[in-house]
Amino acid sequence: KAGVTQTPRYLIKTRGQQVTLSCSPISGHRSVSWYQQTPGQGLQFLFEYFSETQRNKGNFPGRFSGRQFSNSRSEMNVSTLELGDSALYLCASSLERAPADTQYFGPGTRLTVL
Amino acid sequence: GQNIDQPTEMTATEGAIVQINCTYQTSGFNGLFWYQQHAGEAPTFLSYNVLDGLEEKGRFSSFLSRSKGYSYLLLKELQMKDSASYLCAVPAGNKLTFGGGTRVLVKP
């Protein structure tokens, strides 16, 4: 069974631009969570989607948004990029509603904002 | 809210044993996860403890004490490939809250 896939793997943007990241969960997994990882703050929860509904949101500004499609694929969008948004963005999928079930992570998208 | 503490870094010798501690404070408890993350890679699942006691999986074991808000990950017969960050995480309110991670450096 294929693992979690994320595209693109690397991205370079400039301040003020917007970006869309994509995540395809493991087949049969219905919950997708997004995390931001930086050296200073570690792994921080962004949001979680289950059956196309956002179930929980972390402590991030409204510039960070996401959605989930009927096939469980998910996208996250960051608008008006800031230098501090440079990070590794990880998505994780699980069978049922996170986090009681084990979350499996994709390889991540490394975003650099110049 | 949740508060999770783990040491920042540990160094050990190949073939030795290392114990990585994790203490947590959480409102409501739904278990504790351990993940391994090599530099530049995604975290990979190691273990999930929801009941007190020790669970062994090959060279890796994880222990949980719910009354003490404490867990540890034990790595035995250390190998060079075990050099990585080890993250403990607790689930709460549909999200995983991670500790800062413990970077383990295995020396020959």
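Student: Any chance you could explain the sheet that holds strand β6 (residues 53–57) of chain B here in plain terms?
Tutor: The strands that make up a sheet pair up through hydrogen bonds in the backbone, lying either parallel or antiparallel. All names here are of chain B. The sheet built from 5 strands is open, its strands ordered β1-β3-β8-β7-β6 with antiparallel pairing. The sheet terminates laterally at β1 (3–5) and β6, the two strands that pair on one side only. With strand direction ignored, the average angle separating the axes of adjacent strands in the sheet is 15°. Relative to strand β3 (residues 18–25), β1 runs antiparallel, the two being bridged by 3 bridges. Bridge pairing in β3 links D5 to T23.

Student: Would you mind going over the environment of L114 of chain A with me for this structure?
Tutor: All names here are of chain A. Position of L114 among the secondary structure elements: in the segment after β11 (109–113). On the accessibility criterion, L114 (56% relative accessible area) is exposed. Spatially, the C-alpha atoms of L114 and S24 are 27 Å apart, while their sequence positions differ by 90 residues. Ignoring any residue separated from it by four or fewer positions in sequence, one finds L114 in contact with I12, K13, T14, R15 and L83.

Student: Explanation requested: the state of the cysteines in the structure shown.
Tutor: Disulfide: a covalent bond connecting the sulfur atoms of a pair of cysteines. In this structure the tally under the stated criterion is 2 disulfides over all chains. Disulfide partner of C23 of chain A: C91 of chain A, at an S-S distance of 1.7 Å. Placement of C23 of chain A in strand β3 (residues 19–24) and of C91 of chain A in strand β9 (residues 87–94) is noted, with a sequence separation of 68 residues between them. Note on cysteine connectivity: C22 of chain B is disulfide-linked to C88 of chain B, with sulfurs 2.1 Å apart. Taking the sign of the S-S torsion, 75° for the link of C22 of chain B and C88 of chain B, the bridge is right-handed. Within this pair, whereas C22 of chain B is found in strand β3, its partner C88 of chain B is found in strand β9 (residues 84–92), the two being separated by 66 residues in sequence.

Student: Where do I start with the pairing of strand β4 (residues 32–37) of chain B in this structure?
Tutor: The side chains of a regular strand alternate between both faces of the sheet. Residues and elements named next belong to chain B. Counted residue by residue, β4 has 6 buried out of 6 residues, so it is predominantly covered. Where burial is concerned, the two faces of β4 agree: the one with L32, W34 and Q36 and the one with F33, Y35 and Q37 are both buried. When β4 meets strand β5 (residues 44–49), the two strands line up antiparallel, connected through 5 bridges. Following the sheet pairing, W34 is matched in β5 by S47. Counted between consecutive antiparallel strands, the loop separating β4 from β5 contains 6 residues, among which G40 sits at a positive phi close to 80°. Of the strand pairs in this sheet, β4 and β9 are connected by 5 bridges, and their pairing is antiparallel. Counted as the bridge partner of Y35 is L87 from β9.

Student: What am I meant to see in the interface of chain B and chain A here?
Tutor: How big an interface is tends to be stated in terms of the accessible area lost upon association of its parts. Taken together, the 15 residues of chain B in the interface contact 20 residues of chain A. Carbon and sulfur atoms make up 58% of the surface buried where chain B meets chain A, a total of about 1,500 Å² over both sides. In this structure, the connection of chain B to chain A is made through 0 salt bridges. For the pair chain B and chain A, the number of links is 3 residue pairs in polar contact (both at pLDDT 80 or more). Those elements that place two or more of their residues in the side of chain B that touches chain A are β4, β5, β9 and β10 (95–98) of chain B. Here the side of chain B that touches chain A is composed, by residue class, of 11 nonpolar, 3 polar and 1 charged.

What counts, and where the lines are drawn
- The numbers attached to residues start from 1 for each chain and follow its sequence in the written order.
- Chain labels run from A onward and ligand labels from 1 onward, assigned in the order the entries are written.
- Owing to the predicted nature of the model, reporting of local features is limited to residues with pLDDT of at least 70; listing and counting of side-chain atom pairs is limited to 80 or more, with chain, interface and lining totals taken over all residues.
- Note that the side-chain values use all heavy atoms of the structure and ignore hydrogens as well as water.
- Should DSSP find at least two bridges between two strands, the strands are regarded as paired.
- Segments assigned H or I by DSSP are reported as helices when at least four residues long, segments assigned E as strands when at least two residues long, and all are numbered from the N terminus.
- Helix axes are fitted only over the stretch in contact, all axes being lines through C-alpha atoms; the angle between N-to-C directions runs from 0 to 180 degrees.
- Three exposure classes are used, based on accessible area relative to the maximum for each residue type with a 1.4 Å probe and protein chains only: buried under 20%, partly exposed in between, and exposed over 50%.
- When checking whether two residues touch, look at their non-hydrogen atoms; a contact exists if any pair is within 4.5 Å.
- Note on terminology: pairs of cysteine sulfur atoms within 2.5 Å are recorded as disulfides.
- When two components associate, each loses some accessible surface as probed by a 1.4 Å sphere; the sum of these losses over both components is called the buried area.
- Every case where a carboxyl oxygen of Asp or Glu lies within 4 Å of a side-chain nitrogen of Lys or Arg is listed as a salt bridge.
- Two N or O atoms count as a polar contact when they lie within 3.5 Å, although within protein this holds only if one can serve as hydrogen donor and the other as acceptor, and sequence-adjacent residues are included solely when both atoms are side-chain atoms.
- As a working rule, the residues Ala, Val, Leu, Ile, Met, Phe, Trp, Tyr, Cys and Pro are called nonpolar, Asp, Glu, Lys and Arg charged, and the rest polar, with Gly in that last group.

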